[in-house]
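The chain contents come next:
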Amino acid sequence: MIYVKDLSKTFGDNQVISHIDAHIKPGEKVVIVGPSGSGKSTFLRCLNLLEQPTSGTITFDGQEVTAPHGDINHIRQHMGMVFQHFNLFANLTVKKNIMLAPVQLKLMTKEQAEEEAMRLLRLVNLEDKADSYPVQLSGGQKQRIAIVRSLAMKPKVMLFDEPTSALDPEMVGEVLELMKKLADDGMTMVVVTHEMGFAREVATRVLFMDGGVIKEENTPEEFFSHPRDVRLQEFLSKVL
Amino acid sequence: MESIKSGFYQTFILDNNYQYFIRGIEITLLVTVFALVLGLVLGVLVAIIRSAHDQQPKNKRGIVLRVLNLLCKVYLTVIRGTPMMVQLLIMWFVVWASSRATDGNMVRCAVLSFGINSGAYVAEIVRSGIMSIDKGQMEAGRSLGLSYVKTMRFIIIPQAFKNVLPALGNELITLLKETSIVTVIGLKDLTKGAMIVVANTYQALIPYVAIAAIYLTMVMLLTWLLGIMERRLRKSDIR
Ligand SMILES: Nc1ncnc2c1ncn2[C@@H]1O[C@H](COP(=O)(O)OP(=O)(O)OP(=O)(O)O)[C@@H](O)[C@H]1O
Ligand SMILES: [Mg+2]
């Protein structure tokens, strides 16, 4: 589904991603872990071109994302992204947050989008917040809404960048639960997270990034019980 | 007491002098409102071009964008670097030199001058508003597949506008008061009206104090209206 070939990214002369190759298959739940500054966010953001790679190619569903004059807006419609800081549109109500993109991109009529928004809000038990503004919500509520906002576009893959890192501990559970539900429904997911429990339980594959390269990748069982890379062993001993 | 009474009589009643004030208010408001609209349109456009240029990575800036950005920079530098009165004089005595001195021509010239001038200040105000919006808002819009322009229009500009409304209000109030310099091209705005009355009646106190009070009233009205608008826009901040 997503092919990454020889991807590199430098900021100035800081090489953040070095020659990464990766392939994400339909239905996979890939969890990326690694120390701070190892390039996890940058890698994820390259996938939908929020960061412009310095070199290499990314192909999604047969379309080259990195093509110089490709229609990136069209590609992004099928790649949902969830951010650490939610990034709900502050000037719009919850319902309008969900409706904006499908309506503006003419994928749904206003009525259809409204119906879909309410359906999604019921899914996360937040239908009573439909007319609230983002400032009126808790972090956990914001993140669940950010997730269903992406879902309204019916994406083929969802990218998560530390979706629970900005949350108070008591709200982490509700967001992880929603992500598990998505995983169970067969969504293809790429998740950067520090939640090792989630990685163990949900991932079909875990990647360890360090210094801009993928140092190790394996099934969660092997990854956590028999880490081979020394840096990964160090990393796991710190976080587990 | 008697002299004030006769002063009022001469200022407003004699020869239907009140008409100078009524007509003056009309002209002042006309120039202000149209210059405001022109200034906003120009200002928002320039602000968008400037921030699009600054937000785009260097290698993705098209030649068109770079040329537009350069033009905007020249515009901002020239307009903010020269006095309003000089701009107005050039507009009327150079650009409009071959036109007859009708009210219509003068109003059009004034609207254009003040609009162009105001646009430069509005542009910098709006740009600072755009820059103040968290970049996550743009990223969220773009990650959903919305274009740069659509994200600007539905997400960034409304929030930026709300943040800079007080500053824009100040700009509008300044504009209203500054229109009094159209007297130099002979347009009969409120100030010019009072000057004519003073010349006809040989007394300055009441006409000038009167227009001061009229300007003040208009500014207070504007301030009140802006306050209402601001509270409306703050809706999304209520916790
Ligand atoms: N826009 C940018 N400009 C310059 N340097 C950047 C930029 N974004 C990231 N970097 C640098 O790239 C490196 C990798 O950053 P990245 O955010 O991808 O790490 P990360 O693995 O996501 O870390 P964390 O766990 O802290 O989120 C860091 O050294 C960071 O300073
Ligand atoms: Mg990160």
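Above this text you will find the structure in question.
So, a few notes on the structure that sits alongside this text.

Evaluation of the coordinates by the stated rule reveals two aromatic pairs over all chains. The positively charged end of Arg 200 of chain A is found above the aromatic ring belonging to Phe 224 of chain A, 4.7 Å away from the centroid.

Where interface size is given, it is often the accessible area lost as the parts come together that is meant. Listed as interface residues are 23 residues of chain B and, on the opposing side, 26 residues of chain A. Here chain B packs against chain A, burying approximately 2200 Å² in sum over the two surfaces, 58% of which is carbon and sulfur. One can count one salt bridge joining chain B with chain A. Taken together, chain B and chain A are joined by eight residue pairs in polar contact (both at pLDDT 80 or more). Among the elements that take part in the side of chain B that touches chain A, helix α6 (residues 135–143) of chain B stands out by supplying seven residues, more than any other. Its residues assigned to classes, the side of chain B that touches chain A shows seven nonpolar, eight polar and eight charged.

One finds Ile 2, Val 4, Phe 43 and Leu 47 of chain A to be the most contacted residues of the largest nonpolar core, which totals 66 residues. Looking at this core element by element, the count peaks at nine residues for helix α7 (residues 148–178) of chain B. If sequence neighbours within four positions are ignored, Phe 43 of chain A has contacts with Val 4, Leu 7, Ile 17, Ile 20, Ala 22, Ile 32 and Met 209 of chain A. Formed by 49 residues, the second largest nonpolar core is a distinct cluster that contains Ala 113, Leu 121, Ala 130 and Val 191 of chain A.

Attention shifts here to the site of ligand 1. Residue and element names in this part refer to chain A. Surrounding ligand 1, one finds Phe 11, Asn 14, Val 16, Pro 35, Ser 36, Gly 37, Ser 38, Gly 39, Lys 40, Ser 41, Thr 42 and Glu 162. A distance of 2.8 Å is found between an oxygen atom of ligand 1 and a backbone nitrogen or oxygen belonging to Gly 37. Thr 42 is positioned with one of its side-chain polar atoms (N or O) 2.5 Å from an oxygen atom of ligand 1. Notes on ligand 1: free accessible area 630 Å², of which the protein chains cover 60%. For the shell around ligand 1, the elements supplying multiple residues, two or more each, are β2 (14–24) and α1 (40–47). It is α1 that contributes the most residues to the shell around ligand 1, three residues altogether.

What follows is about the side chain of Asn 218 of chain A. All names here are of chain A. By secondary structure assignment, the location of Asn 218 is in strand β10 (residues 213–218). Taking relative accessible area as the criterion, Asn 218 reaches 16% and is therefore assigned buried. Residues contacting Asn 218, with those up to four places away along its chain left out, are Arg 205, Val 206, Phe 223 and Arg 228.

Here the structure, examined in full by the defined rule, presents 20 salt bridges over all chains. Among the ionic pairs, Glu 26 of chain B bridges to Arg 23 of chain B, the shortest N-O distance being 2.9 Å. Placement of the pair is Glu 26 of chain B and Arg 23 of chain B together in helix α2 (residues 18–55), with a separation of three residues, close to one helical turn. For Arg 23 of chain B, a relative accessible area of 41% gives the class partly exposed. The partner of Arg 127 of chain B in a salt bridge is Glu 124 of chain B, with the nearest N and O atoms 3.4 Å apart. A residue pair is termed a helical-turn pair when its members lie 3 or 4 positions apart in one helix, as Arg 127 of chain B and Glu 124 of chain B do in helix α5 (residues 103–132) at three residues. A single network of salt bridges, built from pairs that share partners, joins Asp 210, Lys 215, Arg 231 and Glu 234 of chain A.

Cut-offs applied
- Residues numbered from 1 in each chain as written.
- Chains lettered and ligands numbered in written order.
- Predicted model: local features only at pLDDT ≥ 70, side-chain atom pairs only at ≥ 80, totals over all residues.
- Heavy atoms only, no water.
- Phe/Tyr/Trp six-rings, centres within 6.5 Å; stacked < 30°, edge-to-face > 60°.
- Lys NZ or Arg CZ within 6 Å of the ring centre and 35° of its normal.
- Contact = heavy atoms within 4.5 Å.
- Buried area = accessible area lost by both parts, 1.4 Å probe.
- Salt bridge = Lys/Arg side-chain N within 4 Å of Asp/Glu carboxyl O.
- Polar contact = N/O pair within 3.5 Å; in protein donor to acceptor, adjacent residues only side chain to side chain.
- Helix = DSSP H or I, 4+ residues; strand = E, 2+ residues; numbered from the N terminus.
- Nonpolar A, V, L, I, M, F, W, Y, C, P; charged D, E, K, R; others polar.
- Core = buried A, V, L, I, M, F, W, Y, C linked by side-chain atoms within 4.5 Å.
- Buried < 20%, exposed > 50% of the residue type's maximum accessible area, 1.4 Å probe, protein only.
- Near = heavy atom within 4 Å.
- Areas by Shrake-Rupley, 256 points an atom, 1.4 Å probe, with all protein chains shown as cover.

Functional significance is not addressed by these values, which are geometric in nature.
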